[in-house]
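Listed below are the residues making up each chain.
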Amino acid sequence: MVSRSYSNLLDLASGDMPNFGRTVRRLPRVMTVPGIISEFDDDNANSVASDAPSSVCMQRMIIVANQLPLRACRKPDGTSWFFSWDEDSLLLQLKDGLSDDIEVVYVGCLKVEVDLSDQDDVAQILLENFKCVPTFLPSDLQSKFYHGFCKQQLWPLFHYMLPLSPDHGGRFDRSLWQAYVSANKIFADKVMEVINPEDDFVWVNDYHLMVLPTFLRKRFNRVKLGFFLHSPFPSSEIYRTLPVRDEILRALLNADLIGFHTFDYARHFLSCCSRMLGIDYQSKRGYIGLDYYGRTVGIKILPVGIHMGQLETVLNLSDTAMRVGQLREEFKGKKILLGVDDMDIFKGISLKLLAMEQLLRQHSEWRGKLVLVQIANPARGRGKDVQEIQNETHLTTKRINETFGFPGYKPVILLDKAVPLYERYAFYVIAECCVVNAVRDGMNLTPYEYVSCRQGCPKLDEALGLSSDTPKKSMLVVSEFIGCSPSLSGAIRVNPWNIEAVADAINAALTMPVAEQQLRHEKHYRYVSTHDVNYWARSFEQDLARACGDHYKRRCWGIGFGLGFRVVSLGPNFRKLSIEHIVSAYKMGNSRAILLDYDGTMMPQTSINKTPSADVISVINSLCNDSKNIVFIVSGRGRQPLSEWFSPCQKLGIAAEHGYFTRWSKDSEWENTLPTADFDWMKIAKPVMKLYTETTDGSSIEEKDSALVWHHQDADPDFGSCQSKELLDHLESVLANEPVEVKSGQHIVEVKPQGISKGLVAERLLSKMVERGKPPDFVMCIGDDRSDEDMFESIASAMAKQSMSSKAEVFACTVGQKPSKAKYYLDDTVEVMKMLKGLAMASDQAAKNLSNHVAFESSI
């Protein structure tokens with residue numbers, strides 16, 4: 001069998017052999033191990049780095065979900081299958097919202113089990129006729145994956161149900177987790193069969209496939225990958241109980257765009273990333289993003305909608321109009337409350353029935369006039385919980401009907417079965433009020449469908465005897481714990497656990513003035529009709545394209561193993577510092593300037609004991625003892641601790657408090673950059689900082705000679721960050737007329753005199769070397785935070801002004817992969833020390849060679 005790179009099976013399945021005369025696509029340049037990558041060649045025609053997407057192929061969207069949007073059944077002869085589209089499937093509906101030039105391919109499981117002997121034939125049929133790629137999971141794996149880990153562990157946890165006892169939710173089972181990972185791997189294999197990684201987009205859906213992004217990113221580092229979660233995402237207090245919490249978070253971060261229905265779900269996810277992985281988000285021009293090893297992972301917040309075209313088609317069916325007429329006759333003289341829910345422990349059906357019971361008990365006038373029709377769709381899961389809620393629902397229904405019913409009147413009609421779509425819509429049309437009482441639900445489109453059906457269509461207006469200009473009305477009582485609640489501002493929101501409040505809300509909805517009902521309906525319909533599934537899909541597609549826009553402008557390679565795999569993505573001019581390269585340049589230099597930050601550069605930020613180790617002192621001394629070097633520690637710390645820590649280093653220059661104090665060696669005096677500075681502002685700033693320290697547990701104030709620093713590293717991450725922003729605003733306000741700068745940094749807020757920066761230290765050092773007639777031909781500057789960016793900028797400016805030797809080698813290096821003015825990076829303090837030891841060894845070897853040479857000359 002012949003195919004193009006990565007096997008475009010769709011072309012082969014249709015019988016169209018590839019056209020080998022067309023331009024051959026090059027594979028993206030990818031490294032699978034960390035290392036140095038040279039810059040892109042200028043000649044794109046001859047460079048393997050020329051990875052711009054091709055315009056030859058039609059753009060494709062591969063939509064991956066647990067289940068394909070298909071219905072399947074055996075033909076009467078029992079030897080073959082019959083397949084058809086599932087018109088109710090969201091995956092099928094979203095296709096209509098995508099751009100016209102996008103071809104859609106589906107990857108997922110069938111809802112039926114197919115014999116092993118039939119799987120190849122079925123796969124071929126689905127590929128040719130439906131552009132669907134079926135994923136066949138062994139029955140044992142399917143059970144552990146879906147009914148085990150998905151439904152017993154993820155589903156309850158994401159709906160805030162903790163496994164506090166063996167009978168209350170499923171305890172974590174490592175074998176079920178392994179089955180979940182194995183199933184996701186099989187899905188990834190199926191995607192790989194059809195993907196053209198340079199052109200295709202992949203859209204993964206829901207909690208069943210949360211580790212799939214890792215497998216795809218590992219295989220194709222530049223894959224254009226989106227993920228949308230259709231369930232709630234729990235708060236960090238709930239999510240952190242999951243033993244595999246980090247693995248799932250890191251897997252999701254291998255997507256380019258992660259979508260949620262509501263801000264609450266997105267906020268919970270971002271909080272988990274901050275608390276568990278130490279990754280904070282940034283918001284820029286309306287877009288939220290997380291920086292993950294140089295990749296920006298976008299966060300999308302948009303509730304899904306309904307398919308207006310399909311709904312209107314069903315409303316116009318003669319079956320729908322006929323069923324509406326039948327139901328109107330059946331419930332003549334009565335008001336209809338409607339509930340449409342899955343038979344699920346989180347849908348609150350029993351709570352809704354108790355509210356109905358309370359309403360009839362409190363308001364006897366509704367007896368004989370009000371009927372609750374509860375449509376209970378078959379449960380998607382299975383187990384004791386489902387059986388218990390089913391039994392409770394039937395018993396409660398029976399009790400209400402026996403208590404308040406009489407011949408010819410049943411207060412509650414329970415339809416515990418699948419109801420045809422046209423019949424469900426007919427119930428929507430006749431219902432005065434729809435009650436959605438779920439205790440937790442990711443989205444729930446029932447209110448949207450209800451509002452649209454109440455708007456009706458000309459055919460239904462005729463059946464109902466209404467004129468086309470008759471104002472429509474509808475009323476909604478919705479739980480505040482469902483995803484669609486924020487978008488329905490005209491609904492009566494309730495706490496489903498408060499039975500009396502739900503009963504009062506239903507009564508208020510039924511007795512609300514008609515004009516008010518019409519206004520609320522008009523507001524809801526305007527939103528629902530404009531924010532349909534097409535709008536949702538189109539918006540996600542556009543944001544995914546934007547998130548992937550710079551894939552082929554960046555260099556990337558994978559690091560890590562298993563579910564810890566991630567891709568490092570860097571700009572074309574930002575690279576890892578090669579120790580061999582810098583040591584070679586160092587040996588060639590005769591006048592070297594070395595500027596080193598301390599915290600986060602040579603000493604880990606997380607270290608409690610900040611005293612430099614013997615290794616650090618030894619390396620610094622080796623560098624300082626080289627007569628060709630001028631070495632400076634440039635730190636935000638005060639001069640007293642720095643003097644004590646580096647007292648063994650006689651020739652070391654120190655710039656303390658961001659350069660407010662400097663000295664060129666241990667024997668020289670401290671120089672004051674601003675000798676006439678006024679520090680009266682401290683009397684204003686310190687009380688303000690004390691106020692925030694008292695109210696923020698884990699925070700502290702550091703007093704320096706020239707600055708005040710408020711630290712919140714040990715405070716709660718969310719609260720500390722919030723308080724730091726408040727403190728920043730507060731200080732800027734009260735110090736507006738003072739000669740100071742108020743800046744925020746990594747877990748700090750600092751107030752210092754104007755004009756003081758690490759950049760000024762670098763500028764003065766380079767100028768002094770030039771004045772002495774020794775312009776530097778080697779400059780190395782290393783730092784890890786925002787204050788060090790000033791040094792990088794000053795060095796770049798000096799190069800532009802030709803303040804250094806024209807042949808000078810400059811190494812501005814940041815610690816960690818992040819946006820920076822530096823050209824190079826090292827991963828952590830361990831790599832920094834390894835590099836410094838390499839330079840120190842070069843100096844020691846040079847000194848030894850010189851000593852041997854002098855001894856040899858003396859012996860002659």
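Residues numbered from 1 in each chain as written. Predicted model: local features only at pLDDT ≥ 70, side-chain atom pairs only at ≥ 80, totals over all residues. Heavy atoms only, no water.

### Some thoughts on the overall build of the chain
Now for step 1: Of regular secondary structure, the chain possesses 27 helices and 32 strands.
Now for step 2: Dimensions along the principal axes, computed over C-alpha positions, put the chain at roughly 125 × 75 × 55 Å.
Now for step 3: Residue burial in the chain is summarised as follows: out of 860 residues, 54% are buried.
Now for step 4: Long-range contacts, defined as pairs at least 24 residues apart, comprise 71% of the intrachain contacts of the chain with a sequence gap of at least 6.
Now for step 5: Accessible surface, the chain as shown: approximately 38,200 Å² in total, 50% of it carbon and sulfur.
Now for step 6: In the chain, 97 positive and 108 negative side-chain charges are present, and the distance between their average locations comes to 1 Å. (Helix = DSSP H or I, 4+ residues; strand = E, 2+ residues; numbered from the N terminus. Buried < 20%, exposed > 50% of the residue type's maximum accessible area, 1.4 Å probe, protein only. Contact = heavy atoms within 4.5 Å. Areas by Shrake-Rupley, 256 points an atom, 1.4 Å probe, with all protein chains shown as cover. Lys, Arg positive; Asp, Glu negative; His and termini not counted. Charge placed at Lys NZ, Arg CZ, Asp CG, Glu CD.)

### So, the pairing of strand S7 (residues 224-228)
Now for step 1: Most of S7 sits inside the fold, with 5 of its 5 residues counted as buried.
Now for step 2: Side chains of S7 alternate between two faces, with Lys-224, Gly-226 and Phe-228 and Leu-225 and Phe-227 buried alike.
Now for step 3: Of the strand pairs in this sheet, strand S6 (residues 201-205) and S7 are connected by 5 bridges, and their pairing is parallel. Note on S7: the bridge partner recorded for Asn-205 is Phe-228.
Now for step 4: A crossover links S6 with its parallel partner S7, the connecting element being helix H6 (residues 212-219), and its sense is right-handed.
Now for step 5: As paired strands, S7 and strand S8 (residues 257-260) are joined by 3 bridges and run parallel to one another. Bridge assignment links Gly-226 to a residue of S8, and that residue is Leu-257. (Pairing = 2+ DSSP bridges. Right-handed = clockwise from strand over helix to strand, strands pointing away.)

### Structural notes on the packing of aromatic side chains
Two numbers describe a pair of aromatic rings. These are the distance of the centres and the angle of the planes.
Now for step 1: This model, assessed by the stated rule, comprises 36 aromatic pairs.
Now for step 2: Ring geometry for Tyr-660 versus Phe-661: centroids 4.7 Å apart, planes at 85 degrees, classification edge-to-face. There is no split in this pair, since Tyr-660 and Phe-661 are both buried.
Now for step 3: Consider the rings of Phe-679 and Trp-681, whose centres lie 6.3 Å apart with planes at 50 degrees: the pair is tilted.
Now for step 4: Here Phe-679 falls in the partly exposed class, since its relative accessible area comes to 25%.
Now for step 5: An aromatic cluster of at least three residues, connected via ring pairs, comprises Phe-145, Phe-149, Phe-172, Trp-177, Tyr-180 and Phe-187.
Now for step 6: Geometry around Trp-155 places Lys-151 over its ring, the cationic atom sitting 4.1 Å from the centre.
Now for step 7: The positively charged end of Arg-440 is found above the aromatic ring belonging to Tyr-160, 3.8 Å away from the centroid. (Phe/Tyr/Trp six-rings, centres within 6.5 Å; stacked < 30°, edge-to-face > 60°. Lys NZ or Arg CZ within 6 Å of the ring centre and 35° of its normal.)

### Let's talk about helix H25 (residues 758-771)
Now for step 1: If you check H25, its first and last C-alpha atoms are 20 Å apart, about what 14 residues at 1.5 Å a residue would give, namely 20 Å.
Now for step 2: For H25, the full list of buried residues reads Lys-758, Gly-759, Val-761, Ala-762, Leu-765, Leu-766 and Met-769. Buried residues of H25, viewed axially, fall in a sector of 160 degrees; they line one side.
Now for step 3: Where H25 is buried, its residues contact strand S21 (592-596), strand S22 (629-634), strand S23 (653-656), strand S30 (778-783) and helix H26 (789-800).
Now for step 4: In the stretch just after H25, Gly-773 is the one whose phi turns positive, near 80 degrees. (Expected span 1.5 Å × (residues − 1). Arc of directions from axis to C-beta.)

### Here's the deal with the sheet that holds strand S10 (residues 287-292)
Now for step 1: Across the sheet, 9 strands lie side by side as S5-S4-S1-S6-S7-S8-S11-S10-S9; this open sheet has mixed pairing. Each edge of the sheet is formed by a strand with only one pairing partner; in this case those strands are strand S5 (132-134) and strand S9 (281-284). Direction aside, the axes of adjacent strands within the sheet are offset by 25 degrees on average.
Now for step 2: Where strand S1 (residues 60-67) lies against S6, 4 bridges are found, and the strand directions are parallel. (Axes fitted to C-alpha atoms, helices over the stretch in contact; angles between N-to-C directions.)

### Considerations on helix H10 (residues 308-315)
Now for step 1: By the burial criterion, the buried members of H10 are Met-308, Gln-310, Leu-311, Val-314 and Leu-315. Buried residues of H10 fall within an arc of 165 degrees about the axis and therefore sit on the same side.
Now for step 2: Where H10 is buried, its residues touch helix H2 (90-93), helix H11 (318-330), helix H14 (421-430), helix H15 (446-455), helix H16 (458-464) and helix H18 (514-530).

### Remarks on the pattern of salt bridges
Now for step 1: Scanning the entire structure with this criterion turns up 42 salt bridges.
Now for step 2: Asp-256 serves as the salt-bridge partner of Arg-217, at 3.0 Å between the closest nitrogen and oxygen. With Arg-217 in helix H6 and Asp-256 in the loop between helix H8 (245-252) and S8, this pair connects stretches of sequence that are 39 residues apart. With respect to burial, Arg-217 and Asp-256 carry one shared label: buried.
Now for step 3: Put simply, Arg-295 and Asp-256 hold a salt bridge, and the shortest N to O gap is 3.6 Å. Taken together, the residues Arg-295 in strand S11 (residues 295-301) and Asp-256 in the loop between H8 and S8 connect sequence positions 39 residues apart. The pair formed by Arg-295 and Asp-256 is uniform in burial state, with each residue classed as buried.
Now for step 4: In this structure, a network of salt bridges that share partners links the residues Arg-71, Asp-86, Asp-88 and Lys-111. (Salt bridge = Lys/Arg side-chain N within 4 Å of Asp/Glu carboxyl O.)

### Considering the confidence of the model for the chain
Now for step 1: Scored by pLDDT, the chain has a mean of 87; 91% of the residues are at 70 or more.
Now for step 2: Here residues 1-57 is modelled with pLDDT under 50, and outside its nearest four sequence neighbours on either side it reaches 108 contacts, counting other chains as well. (pLDDT = per-residue confidence, 0-100.)

### Let's talk about unusual backbone geometry
Now for step 1: In the Ramachandran plot, Arg-285 falls in the positive-phi region, its phi being about 50 degrees despite a non-glycine side chain.
Now for step 2: Locating Arg-285 in the fold gives a position in the loop between S9 and S10.
Now for step 3: We note that Glu-657 has phi near 50 degrees; this positive angle belongs to a residue other than glycine.
Now for step 4: Relative to the helices and strands, Glu-657 resides in the loop between S23 and strand S24 (661-663).

### A short note on empty space enclosed by the protein
Now for step 1: Applying the stated criterion across every chain yields a total of 2 cavities of 30 Å³ or more.
Now for step 2: Of the voids in this model, the largest cavity is the one considered here, and its volume is about 60 Å³.
Now for step 3: Considering the residues around the largest cavity, the lining is formed by Phe-632, Thr-662, Trp-664, Glu-671, Val-761, Arg-764 and Leu-765.
Now for step 4: No other element matches H25, which puts 3 residues into the lining of the largest cavity. (1 Å grid on protein atoms, 1.4 Å probe; cavity = no way out; pocket = protein on both sides within 12 Å on 5 of 7 lines; lining within 4 Å. Points joined across faces, edges and corners; volume = space filled by probe spheres on them.)

### Some points on the pairing of S10
Now for step 1: Pairing of S9 with S10, which is carried by 4 bridges, proceeds in the antiparallel orientation. What sits directly across from Lys-284, in S10, is Tyr-287.
Now for step 2: In sequence, S9 turns back onto S10 through a hairpin of 2 residues, with Arg-285 there showing a positive phi of about 50 degrees.
Now for step 3: As paired elements, S10 and S11 share 5 bridges and run antiparallel to each other.

### Quick look at the environment of Ser-236
Now for step 1: Following the sequence through the fold, Ser-236 ends up in helix H7 (residues 236-239).
Now for step 2: With 411 residues separating them along the chain, Ser-236 and Ser-647 place their C-alpha atoms 46 Å apart.

### What about the side chain of Asp-599?
Now for step 1: Considering the arrangement of structural elements, one finds Asp-599 in the loop between S21 and helix H21 (614-624).
Now for step 2: Exposure remark for Asp-599: the relative accessible area of 13% places this residue in the buried category.
Now for step 3: Side chain to side chain, Asp-599 and Arg-637 meet in a polar contact 2.7 Å long.
Now for step 4: If we skip the residues at most four places from it in the chain, Asp-599 touches Gln-605, Lys-610, Ser-635, Arg-637 and Asp-784. (Polar contact = N/O pair within 3.5 Å; in protein donor to acceptor, adjacent residues only side chain to side chain.)

### Describing the packing of H10 against H15
Now for step 1: Direction vectors running N to C along H10 and H15 enclose 50 degrees, while the axes themselves pass 11 Å from each other. Overall, the two elements H10 and H15 adopt an arrangement that is oblique. Two packed elements cross with a definite hand, and for H10 against H15 that hand is right-handed. When H10 is examined against H15, the residues Met-308, Leu-311 and Leu-315 are found in contact with a partner set consisting of Glu-449, Ser-452 and Cys-453.
Now for step 2: Of the residues that constitute the contact of H10 with H15, the class distribution is 4 nonpolar, 1 polar and 1 charged. (Parallel < 35°, antiparallel > 145°, perpendicular 65-115°, else oblique. Left-handed = near helix turned anticlockwise from the far one by under 90°. Nonpolar A, V, L, I, M, F, W, Y, C, P; charged D, E, K, R; others polar.)

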